[in-house]
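Chain residues, written in single-letter form:
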Amino acid sequence: MALILSAATGNFNAGATWVGGIVPGAADEARASTTHTVTITANVTCTELSNAGTGTYVLNSGVTLTANVTHKGTTASINCLTFSAASPATASIVGNLTGGSVASAYAVTHSGTGTLTITGTTHTSGTATGAGAYAINLSGSGICNITGNLNCGTSGANNHCLNLNVSSGTATAFVTGNVSGGTGTST
């Protein structure tokens, strides 16, 4: 597996977005470097999507992302990947999701009104010592269909595998799988 870093903000499938002009493929880890926003406009398959610093991804409607999504950035309050499309938009993620190690380090945030379907074996909150290292953060009014197990982290306060932020939206989540809490406060 090769680690391929973003060279600039841009489209995932454009060579100019990636160091060396190499678009990440099925056996690669794609990492959005600090300050870069990589937009996924067509189906993508890679081993892992991750971020560094303030790097992030945007998932467009009608797209299937086949990859594990892991928040690896060390900057608080950053999403690794965001889906914000309006209904009737849909998108899918096939892979495991892992929250980060700093406060508010979300693997995936669904902030729109569309429908996001997530299929994976395990969706794990992070191990931040600060609050809120979520695998999935629902902050809009959309629907999230989750197939797979949800496992909370083992340290820190409020490290949820799934966060329904009802103060900012009216999202609905449907979970097919096992849900297990962690050992930290409010996990």
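Cut-off values and rules
- Residues numbered from 1 in each chain as written.
- Predicted model: local features only at pLDDT ≥ 70, side-chain atom pairs only at ≥ 80, totals over all residues.
- Heavy atoms only, no water.
- Helix = DSSP H or I, 4+ residues; strand = E, 2+ residues; numbered from the N terminus.
- Buried < 20%, exposed > 50% of the residue type's maximum accessible area, 1.4 Å probe, protein only.
- Contact = heavy atoms within 4.5 Å.
- Areas by Shrake-Rupley, 256 points an atom, 1.4 Å probe, with all protein chains shown as cover.
- Phe/Tyr/Trp six-rings, centres within 6.5 Å; stacked < 30°, edge-to-face > 60°.
- Salt bridge = Lys/Arg side-chain N within 4 Å of Asp/Glu carboxyl O.
- Core = buried A, V, L, I, M, F, W, Y, C linked by side-chain atoms within 4.5 Å.
- Pairing = 2+ DSSP bridges.
- Patch = residues over 30% accessible without salt bridge, like charges linked within 9 Å, V, L, I, M, F, W, Y side chains within 5 Å.

S.K.: Before we go on, may I ask you to explain the overall build of the protein chain in this structure?
M.R.: Check the secondary structure of the protein chain and you find 0 helices and 17 strands. Expressed as a percentage of its 187 residues, the buried residues of the protein chain come to 47%. By sequence separation, contacts in the protein chain at least 24 residues apart represent 66% of the contacts at least 6 residues apart. Accessible surface, the protein chain as shown: approximately 7,200 Å² in total, 54% of it carbon and sulfur.

S.K.: Is there a simple way to explain the packing of aromatic side chains in this structure?
M.R.: By convention here, two paired aromatic rings are described through the distance between centres and the angle between planes. Per the stated rule, a full pass over the model turns up 2 aromatic pairs. Judged by centre distance (5.1 Å) and plane angle (70 degrees), the ring pair of phenylalanine 12 and tryptophan 18 falls under edge-to-face. Each member of the pair, phenylalanine 12 as well as tryptophan 18, carries the same accessibility label: buried.

S.K.: Got a minute to help me understand unusual backbone geometry in this structure?
M.R.: Leaving glycine aside, a negative phi is the common case for residues, and trans is the common case for peptide bonds. The amide bond that connects serine 87 to the next residue, proline 88, takes the cis arrangement and shows omega of 15 degrees. Considering the arrangement of structural elements, one finds proline 88 in the loop between β8 (78-83) and β9 (90-94). Of note in the backbone geometry, threonine 35 takes a positive phi value of approximately 75 degrees without being a glycine. Looking at where threonine 35 falls in the secondary structure, it is placed in the loop between β3 (28-32) and β4 (37-40). The phi dihedral of serine 104 falls on the positive side, at around 55 degrees, and the residue is not glycine. Relative to the helices and strands, serine 104 is located in the loop between β10 (97-98) and β11 (105-110).

S.K.: I'm lost on the environment of isoleucine 143 in this one. Help?
M.R.: Among the structural elements, isoleucine 143 can be located in strand β14 (residues 143-151). Sequence-wise, isoleucine 143 and threonine 117 are 26 residues apart; in three dimensions their C-alpha atoms are separated by 8.3 Å.

S.K.: Would you mind showing me how to read the environment of tryptophan 18 here?
M.R.: With respect to the helices and strands, tryptophan 18 occurs in the loop between β2 (10-11) and β3. As a C-alpha pair, tryptophan 18 and serine 33 span 15 residues in sequence and 9.8 Å in three-dimensional space.

S.K.: Explanation requested: the pattern of salt bridges in the structure shown.
M.R.: Think of it this way: side chains of opposite charge can pair up when their charged atoms draw near. Applying the stated criterion across every chain yields a total of 3 salt bridges. Its salt-bridge partner being glutamate 29, residue arginine 31 comes within 2.8 Å of it at the nearest N-O pair. Lysine 72 is the salt-bridge partner of glutamate 29, the closest N and O atoms lying 3.1 Å from each other. Placement of the pair is glutamate 29 in strand β3 and lysine 72 in the loop between β7 (64-70) and β8, with a sequence separation of 43 residues. Each of Glu29, Arg31, Glu48 and Lys72 takes part in salt bridges that share partners, so that together they form one network.

S.K.: Please clarify how the nonpolar core should be interpreted in this entry.
M.R.: A general tendency of soluble globular proteins is for nonpolar side chains to be buried together. In terms of nonpolar packing, the biggest core is built from 37 residues, with Phe12, Ile40, Tyr57, Leu59, Leu65 and Ile93 touching the most fellow members. Discounting chain neighbours no more than four positions away, the residues touching tyrosine 57 are Phe12, Trp18, Ala30, Arg31, Ala32, Val38, Ile40, Leu49, Ser50, Cys80, Leu81 and Thr82.

S.K.: What exactly am I supposed to notice about the sheet that holds β4 here?
M.R.: As a general point, the strands of a sheet are linked pairwise by backbone hydrogen bonds and lie either parallel or antiparallel. Within the open sheet, the 7 strands sit side by side as β2-β4-β6-β8-β11-β13-β15. Their pairing is parallel. Where the open sheet ends on each side, the last strands, each with one partner, are β2 and β15 (162-164). As paired strands, β4 and strand β6 (residues 56-59) are joined by 4 bridges and run parallel to one another. Note on β6: the bridge partner recorded for isoleucine 40 is leucine 59.

S.K.: Any chance you could explain a nonpolar patch on the surface here in plain terms?
M.R.: Nonpolar side chains collect at one region of the surface, where Leu3, Leu5 and Val19 lie side by side and expose about 240 Å² of accessible area between them. Structurally, valine 19 is set in the loop between β2 and β3. With a relative accessible area of 48%, valine 19 lands in the partly exposed category.

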